[in-house]
Amino acid sequence: MSSEDFRRHGKALIDWIADYWDTVGDRTILPDVAPGEIRASLPERAPEHGEPFGAVLADLDTVVMPGITHWQAPGWFAYFPANVSFPSILGDLASSGLGQQGMLWQTSPVTTEIESHVLDWLVDLMALPQGWRTTGPGGGVLQMSASDSTHTAIVVARSMRKDTDPSRMVVYASTQAHSSVEKGARVAGIGHVRLVETDHVHAMRTDALATAIDLDVASGLFPVFVCATLGTTATTAVDPIRPIGEIARARGMWFHVDAAYAGNAMICEEFRHHLDGVELADSYTFNPHKWLLTNFDCSVFWVADRGPLIDTMNIVPPYLRNRASDAGDVIDYRDWHVPLGRRFRALKVWFVLRHYGAEGLREYIRSHVKLAQDLADRVERHPRLETVAPTPFGLVSFAHLDGNDATARLVEAINATGTSYVVASTLGERLFVRVSIGSTLTEASHVDAVWQAISGAA
Ligand code: PLP
């Protein structure tokens with residue numbers, strides 16, 4: 001493809017994306033396709049000869065669009081949001097266009113330095129410990145997902161106990177923690193995972209944590225890692241960070257904080273009381289790709305001390321040696337996670353921070369939290385509905401007082417609209433509806449529409 005053709009097709013594609021965003025609110029969120037239907041529309045074999053690129057782009061409408069789940073619709077209230085914004089799309093486009101491989105500082109100085117710098121900015125913007133800046137003993141790195149960050153933290157915790165058999169190690173998190181803790185422990189070959197009981201607001205019970213650790217020690221096991229969740233997936237509950245951190249410190253365990261979703265809100269001062277004790281954390285993760293207008297994939301992983309992380313990950317084959325690394329003057333991000341190759345993810349974060357400014361991002365988060373709190377009030381005032389958890393951020397969790405069948409009918413009524421979409425979850429045996437407010441285009445009218453469906457069915 002010539003650069004002239006690239007310009008032409010590229011401009012057409014930008015128009016196509018902008019048209020999509022202008023119309024996404026009118027589309028039915030879930031695609032109407034049967035399993036295998038999309039593949040059946042594709043040729044059996046890859047093309048032997050190239051096709052005109054116009055024909056390739058045309059298939060965005062005919063093949064791709066019918067199979068799209070409209071995550072960016074303003075009525076998307078399922079899971080957690082997967083925010084996208086135009087500045088972020090442009091950042092990703094520039095990253096693709098530049099084709100950088102930032103595994104070493106040497107292979108792309110700018111990929112490394114902008115990443116270190118914007119993550120240091122975020123330390124300040126979120127009032128996190130100053131030592132987490134790359135100018136201190138710690139530092140931040142971008143990973144694909146919070147699961148990667150948590151897995152990496154577990155591997156570092158494991159490797160700090162070289163003389164202990166991993167099958168006798170124990171990892172702790174609450175029953176409400178994300179499954180990535182269990183998966184990370186499994187992949188790291190850790191023998192035991194304890195899911196600790198939670199209290200009436202679904203936060204980890206620290207007395208139960210301490211008891212579980214004591215029992216494991218008494219039976220000859222080695223507690224190595226505890227994860228506190230700041231904003232659980234089911235209900236956005238917040239584990240008490242300080243007492244959990246104190247327990248971890250007292251027992252020489254690695255303390256990780258999973259703030260995948262709610263960590264984004266820490267850009268606003270009024271949510272920062274949830275961070276109390278965060279200076280005790282050895283590592284912390286949050287996902288700008290959930291709620292900070294930054295396209296998937298983009299997960300921040302901070303460590304308080306980068307030494308153990310680098311010791312765990314660093315292997316130097318001769319072809320990667322270079323003067324800057326040998327001199328120890330630079331960050332080589334390949335030593336901060338499992339993959340070697342890495343793209344210029346920080347470019348989109350940089351674009352987003354510069355386009356919106358911290359104040360724009362604060363307004364954005366606050367607008368969603370306000371919409372969520374208004375919806376929670378409406379639920380509470382309704383005679384047949386009740387919230388099943390507090391609403392500290394953008395998620396409203398509620399159920400019908402008549403039980404699970406009635407709650408399931410609420411979910412069906414919302415999703416039958418086609419333009420609003422939610423998923424349910426359970427607490428014990430109790431089914432509840434999650435309305436997760438945080439999509440880029442969501443405004444009060446979209447929350448009003450979902451409330452109409454709820455109140456109509458309640
Ligand atoms: N941790 C929490 C609290 C989450 O809610 C999620 C996903 O929703 C994850 C971790 C996993 O995030 P990722 O998809 O980035 O691995």
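Residues numbered from 1 in each chain as written. Predicted model: local features only at pLDDT ≥ 70, side-chain atom pairs only at ≥ 80, totals over all residues. Heavy atoms only, no water.

Peer 1: Lay out the sheet that holds strand S8 (residues 385-387) with the relevant residues and their values.
Peer 2: Strand order in the open sheet formed by 4 strands is S8-S9-S11-S10, with antiparallel pairing between adjacent strands. Each edge of the open sheet carries a strand with a single partner, namely S8 and strand S10 (423-427). Pairs of neighbouring strands in the sheet enclose a mean axial angle of 40°, with direction left out of account. Alignment of strand S9 (residues 395-400) against strand S11 (residues 430-436), held across 4 bridges, turns out to be antiparallel. (Pairing = 2+ DSSP bridges. Helix = DSSP H or I, 4+ residues; strand = E, 2+ residues; numbered from the N terminus. Axes fitted to C-alpha atoms, helices over the stretch in contact; angles between N-to-C directions.)

Peer 1: Explain the packing of helix H4 (residues 86-98) against helix H13 (residues 346-381) residue by residue, including any values.
Peer 2: Their axes nearest at 8 Å, the elements H4 and H13 cross at an angle of 145°. Handedness of the H4/H13 crossing: right-handed. Residues Pro-87, Ser-88, Leu-90, Gly-91, Asp-92, Ala-94, Ser-95 and Leu-98 of H4 lie in contact with H13, whose contacting residues are Leu-347, Lys-348, Phe-351, Val-352, His-355 and Tyr-356. Counted by class, the contact of H4 with H13 contains 8 nonpolar, 4 polar and 2 charged residues. (Left-handed = near helix turned anticlockwise from the far one by under 90°. Contact = heavy atoms within 4.5 Å. Nonpolar A, V, L, I, M, F, W, Y, C, P; charged D, E, K, R; others polar.)

Peer 1: Give me the pattern of salt bridges: which residues, what numbers.
Peer 2: One pass over the structure, following the stated rule, counts 23 salt bridges. The closest approach of N and O atoms between Arg-242 and Glu-279, which form a salt bridge, is 3.0 Å. Taken as a pair, Arg-242 in helix H9 (residues 241-250) and Glu-279 in the loop between strand S5 (254-258) and strand S6 (283-286) lie far apart in primary sequence, 37 residues in all. Residue class for Arg-242 comes out partly exposed when judged on its relative accessible area of 27%. Close ionic contact of Asp-374 with Lys-370 constitutes a salt bridge, the shortest N to O distance being 2.9 Å. With Asp-374 and Lys-370 both in helix H13, this residue pair falls 4 residues apart, about one helical turn. For Asp-374, a relative accessible area of 30% puts it in the partly exposed group. Overlapping salt bridges, with partners in common, bring together Asp-92, Asp-297, Arg-343, Arg-345 and Lys-348 in one network. (Salt bridge = Lys/Arg side-chain N within 4 Å of Asp/Glu carboxyl O. Buried < 20%, exposed > 50% of the residue type's maximum accessible area, 1.4 Å probe, protein only.)

Peer 1: Hey, could you go over the site of the ligand for me, with residue numbers and the actual values?
Peer 2: As a matter of local geometry, the ligand sits amid 13 residues, with Ala-146, Ser-147, Thr-233, Asp-258 and Asn-287 nearest to it. A distance of 2.6 Å separates an oxygen atom of the ligand from a polar side-chain atom of Ser-147. The separation between an oxygen atom of the ligand and a polar side-chain atom of Lys-290 is 3.3 Å. In isolation the ligand offers 400 Å² of accessible surface; the protein chains occlude 86% of this area. Elements that contribute at least two residues to the shell around the ligand include exactly helix H6 (146-159) and helix H10 (288-291). By residue class, the composition of the shell around the ligand is 3 nonpolar, 8 polar and 2 charged. (Near = heavy atom within 4 Å. Polar contact = N/O pair within 3.5 Å; in protein donor to acceptor, adjacent residues only side chain to side chain. Areas by Shrake-Rupley, 256 points an atom, 1.4 Å probe, with all protein chains shown as cover.)

Peer 1: Could you give me a rundown of the pairing of strand S7 (residues 299-303), with the residues and numbers involved?
Peer 2: In terms of burial, S7 is largely enclosed, as 5 of its 5 residues are buried. Burial of the side chains of S7 extends over both faces: Ser-299, Phe-301 and Val-303 are buried on one face and Val-300 and Trp-302 on the other. For strand S1 (residues 139-143) and S7, the ladder comprises 5 bridges, and the chain directions are antiparallel. Within the sheet, the bridge partner assigned to Leu-142 lies in S7 and is Val-300. Pairing between S6 and S7: 4 bridges, direction antiparallel. By the bridge assignment, Phe-286 is partnered in S7 with Val-300.

Peer 1: Describe a nonpolar patch on the surface, and please don't skip the residues or the numbers.
Peer 2: Together, Met-1, Phe-6, Phe-53 and Val-56 make up an exposed nonpolar region whose accessible area comes to about 410 Å². By relative accessible area, Met-1 is classed as exposed at 63%. (Patch = residues over 30% accessible without salt bridge, like charges linked within 9 Å, V, L, I, M, F, W, Y side chains within 5 Å.)

Peer 1: Let's hear about the environment of Ala-34: which residues, and what values?
Peer 2: Among the structural elements, Ala-34 can be located in the loop between helix H1 (3-23) and helix H2 (37-40). In this structure the C-alpha to C-alpha distance between Ala-34 and Phe-222, which are 188 residues apart in sequence, comes to 48 Å.

Peer 1: Could you give an account of the nonpolar core, naming the residues involved and the relevant values?
Peer 2: Counting 62 residues, the largest nonpolar core has Leu-230, Phe-255, Tyr-284, Trp-302 and Phe-393 as the members making the most contacts within it. Of the residues forming this core, the biggest block, 9 residues, is contributed by H13. Here Leu-230 is in contact with Ala-237, Val-238, Ile-241, Val-257, Asp-258, Ala-259, Ala-262, Met-266, His-274, Leu-275, Tyr-284 and Phe-393, once residues within four sequence places are set aside. In terms of nonpolar packing, the next biggest core, distinct from the first, is built from 25 residues, Met-169, Trp-254, Leu-309 and Met-313 among them. (Core = buried A, V, L, I, M, F, W, Y, C linked by side-chain atoms within 4.5 Å.)

Peer 1: Just give me the short version of the pairing of S9, but keep the residues and values in it.
Peer 2: Most of S9 is tucked away: 6 of the 6 residues are buried. Alternating residues of S9 divide into Leu-395, Ser-397 and Ala-399 and Val-396, Phe-398 and His-400, and every residue in both groups is buried. As defined by bridge partners, S8 adjoins S9 across 3 bridges and the pair is classed as antiparallel. Of the residues in S9, the one forming a bridge with Glu-386 is Ala-399.

Peer 1: Any chance you could break down unusual backbone geometry for me, citing the residues and the numbers?
Peer 2: Across the junction of Phe-296 and Asp-297, the peptide omega takes the value 5°, indicating a cis bond. When you line up the elements, Asp-297 lands in the loop between H10 and S7. A positive phi angle, close to 60°, is found at Thr-236, a residue other than glycine. Its place among the elements puts Thr-236 in the loop between strand S4 (222-229) and H9. Judged by its relative accessible area of 0%, Thr-236 falls in the buried class. Within the chain, Leu-293 stands out as a residue other than glycine whose phi angle is a positive 60°. Mapped onto the elements of the fold, Leu-293 is located in the loop between H10 and S7.

Peer 1: Describe the packing of H1 against H4, listing the residues and the values that go with them.
Peer 2: Relative to each other, H1 and H4 sit at 155°, their axes nearing to 13 Å. Classified by the angle between their axes, H1 and H4 sit roughly antiparallel to one another. Once H1 is placed against H4, the crossing between them reads as right-handed. Across the interface between the two elements, Ile-14, Ile-17 and Trp-21 from H1 touch Phe-86, Ile-89, Leu-90 and Leu-93 from H4. Here the residues of the contact of H1 with H4 are counted per class, giving 7 nonpolar, no polar and no charged. (Parallel < 35°, antiparallel > 145°, perpendicular 65-115°, else oblique.)

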